Amino acid sequence: MITVACYNIKGGVGKTAAAVNLAYLAAQGGANTLVWDLDPQGAASFYFRIKPRIKGGSFSLFQRKRQLDDVIKATDYPRLDLVPADFSYRNMDLLLEQQRKPGTRLKKLIKPLRSEYHFLFLDCAPSISLVSENIFAAADVLLVPTIPTTLSLRTLKQLHDFCAAGDYAHLTVIPFFSMVDRRKSLHREIVDNRGGILEAAPRTYIPYASEVEQMGMRRAPLDTYAHASWAARAYRDMWQELQPRLLARRRAG
Amino acid sequence: MQKPSIYPLLRADKLDRWRHRLSNDLKLDSDAAQRCEVTYYDSFDWRLYAAGKSLQCLRGPHGAETRLVDISDQSVTASLAVDVADARFASSLPDSALRARLERLLEMRTLLPLVTLKVVRYCLRQEDAEGKTRARLYLESFSRVDGTGKRRLLQKRLRLQPLRGYQKAADGLRRKLAQRHQLEAIDDQLFAQALTAAGKQAGDYSSSLAIDLQPGMRADAAVRRVLSELFATMKANEAGVIADLDSEFLHDFRVAVRRTRSALGELKRVFPPATLQRFRREFAWLGSLTGNVRDLDVYLLKFDIYKNAIPAGLREDLEPLRAFLHYKQHAEHTQQLAPQLRGSRYRKLKQQWQRFLDAPLAKRPTARDAAKPVGLVAHHRTWRVYKRVLKEGAAITPDSPHPELHELRKSCKRLRYLMEFFQSLYPPRGIRAAIKELKQLQDNLGDFQDADVQIGALKGFAMEMRRRGEYTAATGKAMDALLAVLESRLHRVRAEFESRFELFASDTNRARFKHLFHPREEADIA
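These numbers come from a predicted model, not from an experiment.

Calculation criteria
- Residues numbered from 1 in each chain as written.
- Chains lettered and ligands numbered in written order.
- Predicted model: local features only at pLDDT ≥ 70, side-chain atom pairs only at ≥ 80, totals over all residues.
- Heavy atoms only, no water.
- Contact = heavy atoms within 4.5 Å.
- Buried area = accessible area lost by both parts, 1.4 Å probe.
- Salt bridge = Lys/Arg side-chain N within 4 Å of Asp/Glu carboxyl O.
- Helix = DSSP H or I, 4+ residues; strand = E, 2+ residues; numbered from the N terminus.
- Nonpolar A, V, L, I, M, F, W, Y, C, P; charged D, E, K, R; others polar.
- Domains from an automatic or database assignment.
- Polar contact = N/O pair within 3.5 Å; in protein donor to acceptor, adjacent residues only side chain to side chain.
- Expected span 1.5 Å × (residues − 1).
- Buried < 20%, exposed > 50% of the residue type's maximum accessible area, 1.4 Å probe, protein only.
- Arc of directions from axis to C-beta.
- pLDDT = per-residue confidence, 0-100.
- Pairing = 2+ DSSP bridges.
- Patch = residues over 30% accessible without salt bridge, like charges linked within 9 Å, V, L, I, M, F, W, Y side chains within 5 Å.
- Areas by Shrake-Rupley, 256 points an atom, 1.4 Å probe, with all protein chains shown as cover.
- Lys, Arg positive; Asp, Glu negative; His and termini not counted.
- Charge placed at Lys NZ, Arg CZ, Asp CG, Glu CD.
- Axes fitted to C-alpha atoms, helices over the stretch in contact; angles between N-to-C directions.
- Parallel < 35°, antiparallel > 145°, perpendicular 65-115°, else oblique.
- Left-handed = near helix turned anticlockwise from the far one by under 90°.
- Phe/Tyr/Trp six-rings, centres within 6.5 Å; stacked < 30°, edge-to-face > 60°.
- Lys NZ or Arg CZ within 6 Å of the ring centre and 35° of its normal.

Draft legend 1. Broad picture of the interface of chain B and chain A. Taken together, the contact between chain B and chain A spans 17 residues of the former and 19 residues of the latter. It is B:Glu130, B:Lys132 and B:Arg164 that lose the most area in chain B upon contact with chain A, and together they represent 43% of the buried surface on that side. Among the ionic pairs, A:Arg79 bridges to B:Glu65, the shortest N-O distance being 3.4 Å. When contributions to the side of chain B that touches chain A are tallied by element, the ones reaching two or more residues are β6 (76-80) and β8 (133-145) of chain B. Residue classes in the side of chain B that touches chain A are distributed as five nonpolar, five polar and seven charged.

Draft legend 2. Inspection of the domain arrangement of chain B at higher detail. Residues and elements named next belong to chain B. Domain parsing of chain B yields domain 1 (5-197), domain 2 (217-361) and domain 3 (372-526). With eight residues of domain 1 at the contact, the number on the domain 2 side is 10 residues. Taken together, both faces of the contact between domain 1 and domain 2 bury some 710 Å²; the carbon and sulfur share is 58%. On the domain 1 side of the contact with domain 2, Phe44, Met108 and Arg109 bury the most area, a combined 64% of that side's loss. Viewed at the interface, domain 2 and domain 1 are joined by one salt bridge. For the salt bridge of Asp246 with Arg109, the shortest nitrogen-to-oxygen distance reads 3.1 Å. Counting across the domain 1 and domain 2 interface gives four residue pairs in polar contact (both at pLDDT 80 or more).

Draft legend 3. Seen up close, helix α11 (residues 344-358) of chain B. Residues and elements named next belong to chain B. Its 15 residues place the ends of α11 21 Å apart at the C-alpha level, agreeing with the 21 Å of an ideal helix rising 1.5 Å per residue. For α11, the set of buried residues is Tyr346, Leu349, Trp353, Phe356 and Leu357. The buried residues of α11 occupy an angular sector of 90° when projected down its axis, which confines them to one face. In α11, the exposed residues that point more than 90 degrees away from the buried face are Arg355 and Asp358.

Draft legend 4. Expanded view of the confidence of the model for chain B. Mean pLDDT over chain B: 92, with 98% of residues reaching 70 or higher. Scored below 50 in pLDDT, residues 521-526 of chain B shows 11 contacts in the model against residues more than four places distant or in partner chains.

Draft legend 5. Layout of the pairing of β6(B). All names here are of chain B. Most of β6 is tucked away, with four of its five residues classed as buried. Sheet topology places strand β5 (residues 63-70) next to β6; four bridges connect them, and they run antiparallel. Note on β6: the bridge partner recorded for Val69 is Val76. A loop of five residues connects β5 with β6, the two strands running antiparallel in sequence, and Gln74 in this loop sits at a positive phi of about 65°.

Draft legend 6. Broad picture of unusual backbone geometry. Residues and elements named next belong to chain A. Backbone geometry at Arg49 places phi at a positive 65°, although glycine is not the residue there. The residue Arg49 is located in the loop between α2 (43-47) and α3 (57-62) in this model. Since its relative accessible area comes to 23%, Arg49 is described here as partly exposed. Phi at Arg219 is positive, roughly 55°, even though this residue is not glycine. Tracing the sequence through the fold places Arg219 in the loop between α10 (215-218) and α11 (222-225). Exposure remark for Arg219: the relative accessible area of 13% places this residue in the buried category.

Draft legend 7. Structural view of the side chain of B:Asn237. Note on placement: B:Asn237 falls in helix α6 (residues 219-243). When neighbours within four sequence positions are excluded, B:Asn237 is seen to be in contact with B:Phe44, B:Tyr205, B:Phe249, B:Asp252 and B:Phe253.

Draft legend 8. Quick look at the pairing of strand β6 (residues 141-146) of chain A. All names here are of chain A. The buried fraction of β6 is high, at six of six residues. Because side chains alternate across β6, one face comprises the buried residues Val141, Leu143 and Pro145, and the other comprises Leu142, Val144 and Thr146, equally buried. For strand β1 (residues 2-6) and β6, the ladder comprises three bridges, and the chain directions are parallel. Bridge pairing in β6 places Cys6 opposite Leu143. By the bridge criterion, six bridges tie β6 to strand β7 (residues 172-177) in an arrangement that is parallel. The residue bridging Thr146 from the neighbouring strand is Phe177, located in β7.

Draft legend 9. Broad picture of a positive patch on the surface. Side chains of A:Arg64, A:Arg100, A:Lys101, A:Lys107, A:Lys108, A:Lys111 and A:Arg114 sit close together on the surface and give a patch of like positive charge. Within the element layout of this structure, A:Lys111 appears in the loop between α5 (105-110) and β5 (119-123).

Draft legend 10. Inspection of the pattern of salt bridges at higher detail. Residues and elements named next belong to chain B. Using the criterion set out here, one finds 51 salt bridges over all chains in the structure. For Arg157, the salt bridge identified is with Glu140, shortest N-O distance 2.9 Å. Here Glu140 lies in strand β8 and Arg157 lies in strand β9 (residues 151-162), a separation of 17 residues in the sequence. Bridged by salt links that share partners, the residues Asp45, Arg47, Glu107, Arg109 and Asp246 form one connected network.

Draft legend 11. Structural detail: the sheet that holds β6(A). Residues and elements named next belong to chain A. The strand order across the open sheet formed by seven strands is β3-β4-β2-β5-β1-β6-β7, and the pairing between neighbours is mixed. Each end of this open sheet is capped by a strand with a single partner; those strands are β3 (73-74) and β7. When strand β2 (residues 33-37) meets β5, the two strands line up parallel, connected through five bridges. Residue pairing across strands places Asp37 opposite Asp123, the latter belonging to β5. Across the sheet, helix α7 (residues 150-165) is in contact with β6 and β7; its angle to β6 comes to roughly 165°.

Draft legend 12. The environment of B:Ser488, seen in detail. Within the secondary structure, B:Ser488 sits in helix α15 (residues 473-504). The sequence separation of B:Ser488 and B:Ala451 amounts to 37 residues, and the corresponding C-alpha distance is 9.3 Å.

Draft legend 13. Region of interest: the packing of helix α14 (residues 428-467) of chain B against α15(B). Residues and elements named next belong to chain B. Where α14 contacts α15, the axes come no closer than 9 Å and their chain directions differ by 160°. Taken together, the axes of α14 and α15 lie roughly antiparallel to each other. For the element pair α14 and α15, the recorded crossing hand is left-handed. Residue classes in the contact of α14 with α15 are distributed as 19 nonpolar, four polar and nine charged.

Draft legend 14. Looking closely at the packing of aromatic side chains. All names here are of chain B. This model, assessed by the stated rule, comprises 34 aromatic pairs over all chains. For the ring pair Tyr417 and Phe421, a centre distance of 6.5 Å and an interplane angle of 25° mean the geometry is stacked. One end of the pair is Tyr417 and the other is Phe421, both in helix α13 (residues 402-421) and four residues apart, which spans about a single turn. The buried category is assigned to Tyr417, whose relative accessible area is 7%. Through successive ring pairs, a cluster of aromatic residues spans Trp383, Tyr386, Tyr426, Phe497, Phe501, Phe504, Phe513 and Phe517. Sitting over the face of the ring of Phe279, Arg278 holds its NZ or CZ atom 4.8 Å from the ring centroid.

This is the structure:
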């Protein structure tokens with residue numbers, strides 16, 4: 001199993017859209033895929049029309065009373081399952097702190113699923129905290145949607161430095177451009193002249209598009225209702241680029 | 001995926017009427033009828049079936065989907081939105097869980113269609129207030145178009161497909177189906193029914209020999225039964241060899257020919273010499289006819305291993321060799337093997353061989369061992385060949401020339417075949433253990449032979465490729481690297497021979513073989 005965390009310290013950058021759409025494409029391509037909606041806001045669960053609630057709340061999961069396996073829900077799409085969000089995730093930091101070895105609790109929880117799924121996408125809440133540390137320990141790849149603005153790049157740099165300083169040598173950080181608006185000169189400039197930490201970014205970028213915003217209304221992956229759109233094509237192209245890199249990551253691991 | 005429940009419907013039931021009833025009663029959404037077809041696949045030797053799986057390709061208006069399904073509970077092991085008919089081998093499927101599973105199960109075997117069914121299907125969904133599907137029900141009718149173009153109904157059924165995490169919804173539907181509609185779930189019989197309708201029987205071909213003989217049988221009758229079995233294997237594989245579906249058809253065909261030759265050679269006192277001589281000559285011809293293509297098949301089957309054994313920088317330069325091997329294999333097959341197998345010499349051999357196998361047993365046979373009990377003959381012959389193997393093996397020193405090892409390899413094969421022909425005459429555990437010991441020695445000798453043949457062939461290929469203008473300096477370098485790999489392999493297995501043989505000739509093993517095959521006083525018929 002390859003664990004891909006869609007993560008950014010900032011919110012509203014297209015994390016959930018990336019997790020949902022890329023997971024959908026992975027499942028379409030034949031891989032058993034699981035999405036774990038870790039954001040208490042439950043946007044990914046909402047997109048899949050699944051109630052953002054797990055039996056016993058996150059408390060039962062972290063107190064080892066319930067296995068992750070028990071709370072998995074099938075989505076309406078073949079090979080694609082979801083661990084729904086729960087409002088109690090907002091207190092996950094506190095819960096984790098009460099555990100022994102609080103930094104690797106998440107990793108322990110997903111371990112039994114390794115043989116069942118090929119990809120696990122973690123849709124993470126924006127923040128940098130003990131939860132983030134758990135995510136970094138559990139993930140193989142950190143997929144970081146990045147809006148091409150100065151502040152976003154600065155955040156990306158912070159994230160990079162944090163990972164480099166911590167004990168996360170196993171983690172591959174892959175940033176990608178999200179919500180790109182080519183009418184803006186700054187966006188154009190940054191996307192066209194990528195360097196430094198952005199060299200690892202896929203060539204494909206996700207455009208700022210109303211079709212993506214419509215996911216909230218349609219409550220379905222983009223590809224199912226706007227297959228021919230530019231944004232849907234961008235996700236497909238990006239998945240084409242990412243998949244071999246992720247598989248190579250598994251072989252290396 | 002979760003295990004579905006299957007409810008049989010009456011043949012006269014109208015699916016559309018059921019759809020209305022269920023949608024109204026259980027508050028389900030439903031779509032219009034979907035017409036599609038499903039084709040079941042397996043390898044010629046039923047490898048998927050043996051592993052408890054069936055491969056189904058569903059083709060409908062929205063494209064195709066291929067699923068590997070567990071026969072026992074109908075759960076889906078892996079699936080992919082592809083038409084498996086486009087892929088001759090599992091390795092030509094897109095990189096996926098399905099491909100990985102199939103590659104492991106099928107190895108070099110190609111997928112063959114078993115039976116195709118026409119399907120009419122209604123999908124009914126139970127949705128919650130959010131529009132999320134909680135369970136699916138399928139009303140399905142399956143029919144098969146027979147040889148005369150007539151459509152024959154196999155089964156009508158209702159299938160409840162639970163979704164992970166929505167067990168309660170499925171349980172509720174199950175309860176209502178039982179209480180309100182008096183429906184009772186049964187085990188799924190569709191695959192078995194479809195095979196029967198197509199006149200096929202699962203697992204009806206296996207390349208391993210299992211011939212049930214009694215020690216008191218007349219030797220000529222028993223050996224004929226062995227030969228008939230081998231002939232059936234040859235005939236079963238013939239069409240696959242001619243069509244070159246996969247390399248295993250020729251492999252099994254060739255093994256049956258070799259076993260036949262071995263039986264005719266080792267059991268010569270069971271049949272009249274004149275008859276034997278004619279058939280031995282013809283089967284020898286058949287053996288040599290199939291040799292070249294098999295050698296090339298082996299080369300191609302091992303190609304990836306070889307490629308990965310040479311330095312990484314040279315690997316891609318070896319590809320022209322693969323292309324050449326494919327070309328040569330194809331040429332040998334279409335110009336030599338296939339025409340000869342369609343030709344009169346082979347046809348005549350088959351007719352005469354069949355006549356020989358079917359002829360009544362002579363009341364007073366001329367051949368010395370013909371009327372003796374097969375138990376005695378088997379004991380005696382196997383012991384003789386075993387002694388020969390020991391003698392030939394002991395004579396081999398580190399300086400012995402290669403042909404001596406090849407001779408020993410052939411003797412080992414003869415021994416192995418005799419042990420397999422007469423397996424049923426011996427205690428199963430004892431004979432299996434003895435075969436296992438022999439196999440270890442054979443593996444070593446086989447690897448040596450393969451490397452030796454391949455080294456010899458490689459030099460010839462280089463020359464031929466040069467003539468055809470397919471030989472560049474880079475490919476030459478890669479082939480030199482391959483030659484070095486093969487040579488080191490040859491030396492390694494050669495160096496291992498002594499210790500392997502020592503194990504085979506150990507006291508424990510000698511005791512094992514003696515216990516099984518040593519001719520007792522009354523059995524000594526030499």
